[in-house]
Amino acid sequence: MGTPFVHLLQTPYGYYLYDVNTDLIYGVEEHIYNALRLLKDGKEALLSETEIGDINKLRDQGLLETKRPIRMKHPLSDRMGYYLSKKIEGISLQVTQDCNFRCHYCPYSQGENSSTRKHAKRSMPFEIAKKGIDFIQCRSRDAEKVRISFYGGEPLLEFELIRKIVSYSKNVFEGKPVSYNLTTNGSLLTREKIDYFEENGIQLAISLDGPKEIHDASRVLAETGGGTFDTIMKKVLLLEKEYPRYLRNKVIFISIIDPSRDFDCVNSLFFNHAALKDVAVVTSVVDDSNSTEKNRLSPQFLIQQEYDAFKAFATRLGWMERDRLSSITLHKMDNLVSFERTYGTHSIYDEMSHGGPCIIGAGKLFMDVDGNFFPCERVNETNGAMRIGNVKDGFDMQKVDKLLNVCQLTEDMCKDCWAINNCAICPKNIDDETGLSIEAKVALCADEKLRVEQLMRGYIAEKEILERCMA
Amino acid sequence: MYGVGGERTAVYPYNMDFTPILRELLRRGLLDTDVKLISPPGWGVDGLDAGEAFGRPQLGITIESNLRSALDSVQNLIVAPFISTGTKEATVLIDNLLDGHIHLAISKGLNLIDFRKHRGMDSSEISRPHRIYAEERAKEDLRVDVPVVFISGVMEQVNKFDTLIAISNGLTQNGYKVCSIGARQYCAALGMHSFPSFMFEPIGEVTKIEYFKTFLVDVCKKEKPDVLAICIPGASVKFNNDFPNGYGIVNYLVSMSTTPDFSIVCTNSVEDDMSELDDMYLHRFGYSIDCLVMSNTRVFYNHLERELSFETIDYREVDQLLQKTKKPDSRIPHLNIFNEEHVEILTKQIVEKLGQTDGFVV
């Protein structure tokens, strides 16, 4: 019969199979579920004739295909020459490695034990920035538009440099839509700077982690170690009072959540503060992949998070208003929405890759102060495997290919993995400081499968709730 | 005449779609080779040859990016049409830039030749009265009584317009009078008719078929060509569920208006089973494929991002691809429209095939 490419799931209310080849979830009866389990475990001989008949009925419906990928290879592998010569969609510039904050969770702020670079008083020379802009200008002919991002350290320490880069790039990219964005801690915002950003349509991403006690526990000044919340809120109030339209249209807040803290408290700022009503908030849990300090979850955080997840279901079913949900839960809900959007659309190809890696170098190219290229701003700059070239010599295509084909590290596992259609392991997650680690990837697989299964369970739970309510 | 005899001309914004027009204007001597071709710097084609920049044969003219300085050394400015195939934002941006540049050109006393305003005779001269006639003449047995050549494409951006120009020239050089209907509005600049706009209006499909048939009959009556060449806009087949390509509806409507005596299909894939495509054309549109033109664009679908991208390749690579995938026993020849020998072969085949139709003198 061959082992069908499926994943089996059980909930308190039913039995399900996820059919990898059709990318669909089906409810099945308990005895079929058990029979499929035997089949998956290679115990076909134990199946009764009735069970074989039932399984064959599913096969007749086009389910339980055994087809698996033959080779793991990213679909763009043979096209990267084109993408990196004609379709680069933007560049993030590390205008400085310096920062006036020393956030506790920031890997650049950590001591000698941290594997990443450290904050340093090093800025990008304008000549390097120009070369970076020129580099992508002649390699973005087929890109509909380009994006230029300013990153640090704290990029507002280099405001004059940013002005020069914007001015230069406007000339260089005349005739092509260009969007600009800047990620900042917000402390150095002034009227002059905001006027400039507003005039030039530059989008700001301001870090704000929650109410004073939460924000100040992590985000502190480099010089004094003092809290920064009051300073940031002054800038927020300035934006609210004098630039309300800009605040609502071009500013987003990034809230990094420390899971050892109180979940509800983290969210309360964005619920309760008048100036922050209706602003765009992107939330994520502290990224500890390059940090010496790993996340610890408090029991309260877990309980409140689960309660919020329950509210999310209530919202999805129309029983509750969306604005009563925390931003972190909204973000999770969006993940479920994305899962649903692509549900049933994936196929198994002879040659394929799991998701995760972006179009290395073409999608989120990051250039450090010295002109070195990295796939994005979130990777470890000291890991040579992540340095995919530089502005003088161009791309190192071998490294690009290696990062793009991260699926090949665990080829045999991936070919037989039921989560292949929804997996999102990217090279950044399996950095072992000197290269890409098979062990790290294998370790991450379990988490990733759990994440995918949770999405599937969320999808099933919603159907079950609806079914039971309708009954 | 767009700038010969001492007058110098600039073209802005020079883009891929204008390349076949430029080549033809140069060939006909309507434009001098000292023409300045200006593309916005953001397009990244500054310093490249005007043909090679878009994978076509060399034109020997280098693209520049500084329009302001160019305007000081020319007497005419040709405004080239530009419609982005992707975001509307890109088209709007260029339109806004153009407003400023046109203003500047006028203030400098330059002659403005706006190709965006070039339209074929469809909307003003023929198409409008046609609607009235078509209704009155719907029951007449209207037939296009000259041999017809169709040029269609399995996708967008497959060199259909280049093919129309090439075969029109080939047939004209062989002494035939060709009436061409191009898919682009500004093809009137080359003496062609543009595809009638009523084909995209919200009127009934049957009405469109009748209007189009009447339009063709009247064009032929008026011009008395030996051959009618029709370039069908859009794509003839759906690419996939994400990119249905308009389901080939326009191709179907045109095929119901008249039947071609010779059918050229432009494609960008060398891997497809062409007999399947031929069968599809026969059963869906009622005619077989006589020749396949392999375009210098490659289309690629990234299933991870659900994104379709087009890549322009050098026309010489098309020759290599055709050589690699040559099928000697295939009924349908595979040709490269930028290869002059292939254009000769194609012209010869059209003449031979049309020779089998009544009234066409070989």
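Residues numbered from 1 in each chain as written. Chains lettered and ligands numbered in written order. Predicted model: local features only at pLDDT ≥ 70, side-chain atom pairs only at ≥ 80, totals over all residues. Heavy atoms only, no water.

K.L.:
Explain helix α6 (residues 191–199) of chain A to me, please; I cannot follow it from the model alone.
P.N.:
In an α-helix there are 3.6 residues to a turn, and that puts residues three or four apart on one side. All names here are of chain A. Along α6, the residues that are buried comprise K193, I194, Y196 and F197. Buried residues of α6 fall within an arc of 160° about the axis and therefore sit on the same side. Here the buried face of α6 lies against α5 (159–172), β7 (178–184), β8 (203–207), α8 (229–242) and α9 (244–250). (Buried < 20%, exposed > 50% of the residue type's maximum accessible area, 1.4 Å probe, protein only. Helix = DSSP H or I, 4+ residues; strand = E, 2+ residues; numbered from the N terminus. Arc of directions from axis to C-beta. Contact = heavy atoms within 4.5 Å.)

K.L.:
I would appreciate a short explanation of the packing of aromatic side chains in the present structure.
P.N.:
Each aromatic ring pair is described using two quantities: the centre-to-centre distance and the angle formed by the ring planes. One pass over the full model with this rule turns up 30 aromatic pairs over all chains. Between the aromatic rings of Y82 of chain A and Y83 of chain A, the centroid separation amounts to 5.5 Å while the plane-to-plane angle is 75°, which identifies the pairing as edge-to-face. Y83 of chain A matches Y82 of chain A in its accessibility class, with the two residues each being buried. Members of the aromatic cluster, connected to one another through ring pairs, are F195, F198, F200, Y211, F212 and F215 of chain B. (Phe/Tyr/Trp six-rings, centres within 6.5 Å; stacked < 30°, edge-to-face > 60°.)

K.L.:
Looking at this model, I keep getting lost on the confidence of the model for chain B. Mind explaining?
P.N.:
Low pLDDT marks regions whose predicted coordinates should not be analysed in detail. Residues and elements named next belong to chain B. Mean pLDDT over chain B stands at 87; residues scoring 70 or higher make up 90%. Contacts of residues 119–129 to residues separated by more than four positions or lying in other chains number 28 contacts, the stretch itself having pLDDT below 50. Note on the complex model: pTM 0.86, ipTM 0.79. (pLDDT = per-residue confidence, 0-100.)

K.L.:
When you look at the pattern of salt bridges in this model, what are you seeing that I'm missing?
P.N.:
Pairing between side chains of opposite charge can happen when the charged atoms of each approach one another. Residues and elements named next belong to chain A. Applying the stated criterion across every chain yields a total of 36 salt bridges over all chains. The shortest N-O distance in the salt bridge between R451 and E448 comes to 2.7 Å. Separated by three residues within a single helix, R451 and E448 lie in helix α15 (residues 438–470), roughly one turn from each other. The class for R451 is partly exposed, based on a relative accessible area of 30%. Three or more residues joined by partner-sharing salt bridges are found here, namely K212, D216 and D230. (Salt bridge = Lys/Arg side-chain N within 4 Å of Asp/Glu carboxyl O.)

K.L.:
Hey, could you run me through the domain arrangement of chain A in this one?
P.N.:
For an interface, size is often stated in terms of accessible area lost upon the parts coming together. Assigned domains of chain A: these are domain 1 (6–67) and domain 2 (77–342). Spacing between the C-alpha centres of domain 1 of chain A and domain 2 of chain A amounts to 45 Å. (Domains from an automatic or database assignment.)

K.L.:
Is there a simple way to explain the packing of helix α5 (residues 160–173) of chain B against helix α10 (residues 340–354) of chain B in this structure?
P.N.:
For any two helices packed against each other, the geometry is given by the interaxial angle and the distance between the axes. All names here are of chain B. Where α5 contacts α10, the two axes come as close as 9 Å, and the packing angle between them is 65°. Here α5 lies roughly perpendicular to α10, going by the angle between them. Note on packing geometry: the crossing formed by α5 with α10 is right-handed. For the pair formed by α5 and α10, the contact residues are A166, I167, G170 and L171 on the first element and V343, L346, T347, I350 and V351 on the second. (Axes fitted to C-alpha atoms, helices over the stretch in contact; angles between N-to-C directions. Parallel < 35°, antiparallel > 145°, perpendicular 65-115°, else oblique. Left-handed = near helix turned anticlockwise from the far one by under 90°.)

K.L.:
Even after reading the chapter, I still don't get helix α4 (residues 126–137) of chain A, so can you show me in this structure?
P.N.:
Residue and element names in this part refer to chain A. In a regular helix each residue adds 1.5 Å, so 12 residues correspond to 16 Å; α4 covers 16 Å between its end C-alpha atoms and thus fits that length. Every buried residue of α4 is accounted for by F126, I128, A129, G132, I133, F135, I136 and Q137. Next to the buried residues of α4 lie β5 (90–94), β6 (146–151), α5, β12 (366–367), β13 (372–374) and β15 (394–395). (Expected span 1.5 Å × (residues − 1).)

K.L.:
Explanation requested: the sheet that holds strand β3 (residues 63–64) of chain B in the structure shown.
P.N.:
In sheet architecture, strand pairing relies on hydrogen bonds along the backbone and comes in two forms, parallel and antiparallel. All names here are of chain B. The five strands are arranged β3-β2-β1-β4-β5 in an open sheet whose pairing can be described as parallel. The strands lining the two open edges of the sheet, one partner per strand, are β3 and β5 (111–114). Where strand β1 (residues 9–12) meets strand β4 (residues 76–79), four bridges bridge the pair, whose relative direction is parallel. Paired with V11 across the strands is I78, a residue of β4. (Pairing = 2+ DSSP bridges.)

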